[in-house]
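Secondary and tertiary structure notes
Take a look at the letters that make up each chain.
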Amino acid sequence: MPIPLAILQLFPESPTNIGAMDGQCTALIDGGYVPYTVSSDGVTYYPGTTTVFNLFPGAYTFYAKDDHGTIVTAPFVIPEYPQITDLATTNETSISTHDGTLTFDITGGTAPYFYSIDDLNYNPR
């Protein structure tokens, strides 16, 4: 007899931006009888993966079902969308100094964060 089915750990990830429904949560599942199916609503189960997809920010329940129909659950939260906060600027001291600054914080989302001022070159935050 195998060890009991268990969700050992969950890895939720926030959506990429406001309005995106691409949050997801991956589970580390052990025990029971493989293959597993997973769900975020307890109704629609997805085979062949340990990840539930297409989630907005909010509270959910992760459902894992083994091949014999045993179901275990665990709560998880999809973090809020990443948002720029505390945005502050300083002007250049003269037109040729190029010493103006832009500072900000990022809240929500899932780190690591990257930022760009030209949408081509991204730097870690």
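Since we're looking at a predicted model, the values are computed, not measured.

Calculation criteria
Residues numbered from 1 in each chain as written. Predicted model: local features only at pLDDT ≥ 70, side-chain atom pairs only at ≥ 80, totals over all residues. Heavy atoms only, no water. Helix = DSSP H or I, 4+ residues; strand = E, 2+ residues; numbered from the N terminus. Rg over C-alpha atoms; globule rule 2.2 N^0.38 Å. Buried < 20%, exposed > 50% of the residue type's maximum accessible area, 1.4 Å probe, protein only. Polar contact = N/O pair within 3.5 Å; in protein donor to acceptor, adjacent residues only side chain to side chain. Contact = heavy atoms within 4.5 Å. Core = buried A, V, L, I, M, F, W, Y, C linked by side-chain atoms within 4.5 Å. Pairing = 2+ DSSP bridges. Axes fitted to C-alpha atoms, helices over the stretch in contact; angles between N-to-C directions.

This brings us to the overall build of the chain. Along the chain, the regular secondary structure elements total zero helices and 11 strands. Secondary structure elements of the chain occur, N-terminal to C-terminal, as β-β-β-β-β-β-β-β-β-β-β. Whereas a compact globule of 125 residues would reach a radius of gyration of roughly 14 Å, the chain reaches 21 Å, over 25% beyond that. With respect to the three principal axes, the spread of C-alpha positions in the chain is 75 × 20 × 20 Å. Burial status across the chain gives 25% buried among its 125 residues.

So, about the side chain of Thr51. Mapping Thr51 onto the fold places it in strand S5 (residues 51–55). Reaching out from Thr51, the side chain makes a polar contact with the side chain of Thr26 at a distance of 2.7 Å. Ignoring sequence-local partners within four residues, the contact set of Thr51 consists of Gln24, Cys25, Thr26 and Val38.

Turning to the nonpolar core, a few remarks are in order. Core analysis: the largest hydrophobic core is formed by 16 residues, its most contacted members being Ile7, Leu10, Cys25, Ile29, Val52, Phe62 and Phe76. Those elements that provide at least two residues to this core are strand S1 (6–13), strand S2 (23–30), S5, strand S6 (58–65) and strand S7 (71–78).

With that settled, consider the environment of Gly100. Within the secondary structure, Gly100 sits in the loop between strand S8 (83–90) and strand S9 (101–107). Distance in space between the C-alpha atoms of Gly100 and Leu55 is 39 Å, their sequence separation being 45 residues. With sequence-adjacent residues up to four places away left out, Gly100 is seen in contact with Thr90, Asn91 and Glu92.

Turning our eyes to something else, we now look at the sheet that holds S1. Pairing is antiparallel in the open sheet, where three strands are placed in the order S1-S2-S5. Single-partner strands in this sheet number two, and they are S1 and S5. Along the sheet, successive strands turn relative to each other by an average axial angle of 15 degrees, direction set aside. Judged from the seven bridges that link them, S1 and S2 form a sheet pairing that is antiparallel. Bridge pairing links Phe11 to Thr26 in S2.

For residues other than glycine, phi is negative in most cases, and the peptide bonds are mostly trans. For the peptide bond that leads from Val34 to Pro35, omega is 5 degrees, which places it in the cis range. Relative to the helices and strands, Pro35 resides in the loop between S2 and strand S3 (37–39). Backbone geometry at Asn54 places phi at a positive 60 degrees, although glycine is not the residue there. Mapped onto the elements of the fold, Asn54 is located in strand S5. Its identity as a non-glycine residue notwithstanding, His98 has a phi of 50 degrees, on the positive side. If you trace the backbone, His98 turns up in the loop between S8 and S9. What makes His98 exposed here is its relative accessible area of 65%.

All we've got here are geometric facts, nothing functional implied.
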